[in-house]
Amino acid sequence: MALTLEQVRHVATLARLSLTPEEEQRFTTQLSAVLDAVEQLQSLDVESVEPTCHATLTSSRLREDVTRPSLPPEKSLANAPAKSDTSFAVPKIIE
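Fair warning: this is a prediction, and the values are worked out from it, not measured in the lab.

Draft legend 1. Spatial organisation of the packing of aromatic side chains. Inspection of the entire model under this criterion finds zero aromatic pairs. When the ring centre of Phe27 is taken as reference, the NZ or CZ atom of Arg26 above it lies at 5.3 Å.

In structure tokens:
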């Protein structure tokens, strides 16, 4: 489906874009190609395809969320350049 220059200008106005004449010409070609691709997708028979939320049917590969004890403050701060009690000391950035 080939878009006209006026249609591209209308879409640009709706998107609040200011296009140069060169961009208008380029987007006319590019947007027409996108609409052609969508038209091809619409011609596919997907009646027997089960809807999915992901492109693949694999299950999650994440590990189980298990509560574990955290590091003690001494070990956490062992390599810290500066510390304040049981916290990292960082330079103040807000005045």
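Draft legend 2. Molecular detail of the environment of Ser76. Looking at where Ser76 falls in the secondary structure, it is placed in helix α3 (residues 73-76). Distance in space between the C-alpha atoms of Ser76 and Ser87 is 9.1 Å, their sequence separation being 11 residues. With residues near it in sequence (within four places) discarded, Ser76 still touches Leu71 and Phe88.

Draft legend 3. Summary view of the side chain of Glu24. For Glu24, the location among the structural elements is in helix α2 (residues 21-42). Taking the relative accessible area as the measure of exposure, Glu24 reaches 13% and is therefore buried.

Draft legend 4. Expanded view of the pattern of salt bridges. On inspection of all chains with the given rule, the structure shows two salt bridges. Among the ionic pairs, Arg9 bridges to Glu6, the shortest N-O distance being 2.9 Å. On the criterion of helical spacing, the pair formed by Arg9 and Glu6 is a turn pair, its members being three residues apart in helix α1 (residues 5-14). Residue Glu24 pairs with Arg9 through a salt bridge whose shortest N-O separation is 3.2 Å. Of this pair, Glu24 sits in helix α2 while Arg9 sits in helix α1, and the two are 15 residues apart along the sequence.

Draft legend 5. Geometry of the environment of Lys75. By secondary structure assignment, the location of Lys75 is in helix α3. Since its relative accessible area comes to 58%, Lys75 is described here as exposed. For Lys75 and Ser87, which are 12 residues apart along the polypeptide, the C-alpha to C-alpha distance reads 12 Å.

Draft legend 6. Main features of a nonpolar patch on the surface. Together, Leu41, Leu44, Val46 and Val49 make up a nonpolar patch on the protein surface, roughly 400 Å² of accessible area in all. Within the secondary structure layout, Leu41 lies in helix α2. Residue class for Leu41 comes out exposed when judged on its relative accessible area of 58%.

Each value, and the rule that gives it
- Residues numbered from 1 in each chain as written.
- Predicted model: local features only at pLDDT ≥ 70, side-chain atom pairs only at ≥ 80, totals over all residues.
- Heavy atoms only, no water.
- Phe/Tyr/Trp six-rings, centres within 6.5 Å; stacked < 30°, edge-to-face > 60°.
- Lys NZ or Arg CZ within 6 Å of the ring centre and 35° of its normal.
- Helix = DSSP H or I, 4+ residues; strand = E, 2+ residues; numbered from the N terminus.
- Contact = heavy atoms within 4.5 Å.
- Buried < 20%, exposed > 50% of the residue type's maximum accessible area, 1.4 Å probe, protein only.
- Salt bridge = Lys/Arg side-chain N within 4 Å of Asp/Glu carboxyl O.
- Patch = residues over 30% accessible without salt bridge, like charges linked within 9 Å, V, L, I, M, F, W, Y side chains within 5 Å.
- Areas by Shrake-Rupley, 256 points an atom, 1.4 Å probe, with all protein chains shown as cover.

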